[in-house]
Amino acid sequence: MADEADIAAQLEAEHISRSLQSLPLPISGTDGGICDSCELPSPRLFDGECAWCHDGRERPDHHQPEPAPRITPVTFARGGKPFLPAPIIRAAQNAGKPLDVFVTEMITRGFAAFEAEARQA
């Protein structure tokens, strides 16, 4: 026989079910990412903004995540090139490959493999 707690739990489940079925549209949003406004990570974005910025609310202190680390792009002066050690440039020339292709392959297979090959040559 059901007691008051069981009946209350059943009523609550029915209420939640009816409430969810009465929603006109599913909640829009995307997967998480970095908010365009506050630049903090968020588990869900709405038009590029976290829920706090989207609603125009201040974020409470206990919802203040650490800012995402910024990656500063490397830029070179016009015509400038990054420094590459001479053995890498020579190895690219010996392989008959453009330097960018050779360096990309080297990164893909790892510097250790390149150093081992350079020692053998």
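What counts and what doesn't
- Going along each chain's sequence as written, the residues are numbered from 1 onward.
- pLDDT decides what is reported in this predicted model: residues at 70 or higher carry local features, side-chain atom pairs at 80 or more are listed and counted, and totals for whole chains, interfaces and linings draw on all residues regardless.
- Hydrogens and water are ignored here; the side-chain numbers use all heavy atoms of the structure.
- By definition, a salt bridge exists where a carboxyl oxygen of Asp or Glu is found within 4 Å of a side-chain nitrogen of Lys or Arg.
- Here an angle of 0 to 180 degrees is reported between the N-to-C directions of two axes, which are lines fitted to C-alpha atoms, with helices fitted over the stretch in contact.
- Segments assigned H or I by DSSP are reported as helices when at least four residues long, segments assigned E as strands when at least two residues long, and all are numbered from the N terminus.
- Between 65 and 115 degrees an angle is taken as roughly perpendicular, under 35 as roughly parallel, over 145 as roughly antiparallel, and anywhere else as oblique.
- In what follows, residue pairs with any heavy atoms lying within 4.5 Å of each other are defined as contacts.
- Charged residues are taken to be Asp, Glu, Lys and Arg, nonpolar residues to be Ala, Val, Leu, Ile, Met, Phe, Trp, Tyr, Cys and Pro, and polar residues to be all remaining types, Gly included.
- We call a residue buried when its accessible area falls under 20% of the maximum for its residue type, exposed when it is over 50%, and partly exposed in between, using a 1.4 Å probe and counting protein chains only.
- By arc we mean the arc of the directions from the helix axis to the C-beta atoms, nothing more.
- N or O atoms within 3.5 Å of each other form a polar contact, as long as, within protein, one can give a hydrogen and the other can take it, and as long as residues adjacent in sequence are counted only when both atoms are side-chain atoms.

K.L.:
What am I meant to see in the pattern of salt bridges here?
P.N.:
When charged atoms on two side chains of opposite charge get close, those side chains can pair. Counting across every chain of the model gives two salt bridges. K97 is the partner of E105 in a salt bridge, and the nearest nitrogen-oxygen pair spans 2.6 Å.

K.L.:
Could you clarify how one ought to interpret the packing of helix α3 (residues 86-95) against helix α4 (residues 99-109) in this entry?
P.N.:
Two packed helices can be described by the angle between their axes and the distance between those axes. Orientation of α3 relative to α4, taken along the N-to-C sense of each, is 110 degrees, at an axis distance of 9 Å. Taken as axis vectors, α3 and α4 run roughly perpendicular relative to one another. Note on element contacts: α4 touches α3 through L99, F102, V103 and M106, opposite I88, I89, A91, A92 and A95. Of the residues assigned to the contact of α3 with α4, the class counts are nine nonpolar, no polar and no charged.

K.L.:
Is there a simple way to explain α4 in this structure?
P.N.:
Along an α-helix, residues three or four positions apart point the same way, because every turn accommodates 3.6 residues. Every buried residue of α4 is accounted for by F102, V103 and M106. All buried residues of α4 project into a common sector of 95 degrees when viewed along the axis, lining one side. Seen from the open side of α4, the exposed residues pointing more than 90 degrees away from its buried face are D100, I107 and T108. Note on α4: the residue one or two positions beyond its end, G110, has a positive phi of about 105 degrees.

K.L.:
Sorry if this is basic, but what is going on with the side chain of S42 here?
P.N.:
Structurally, the position occupied by S42 is in strand β2 (residues 41-45). Only 2.9 Å separates the side chain of S42 from the backbone oxygen of R44, close enough to count as a polar contact. Here S42 is in contact with G32, G33 and C50, once residues within four sequence places are set aside.

All we've got here are geometric facts, nothing functional implied.
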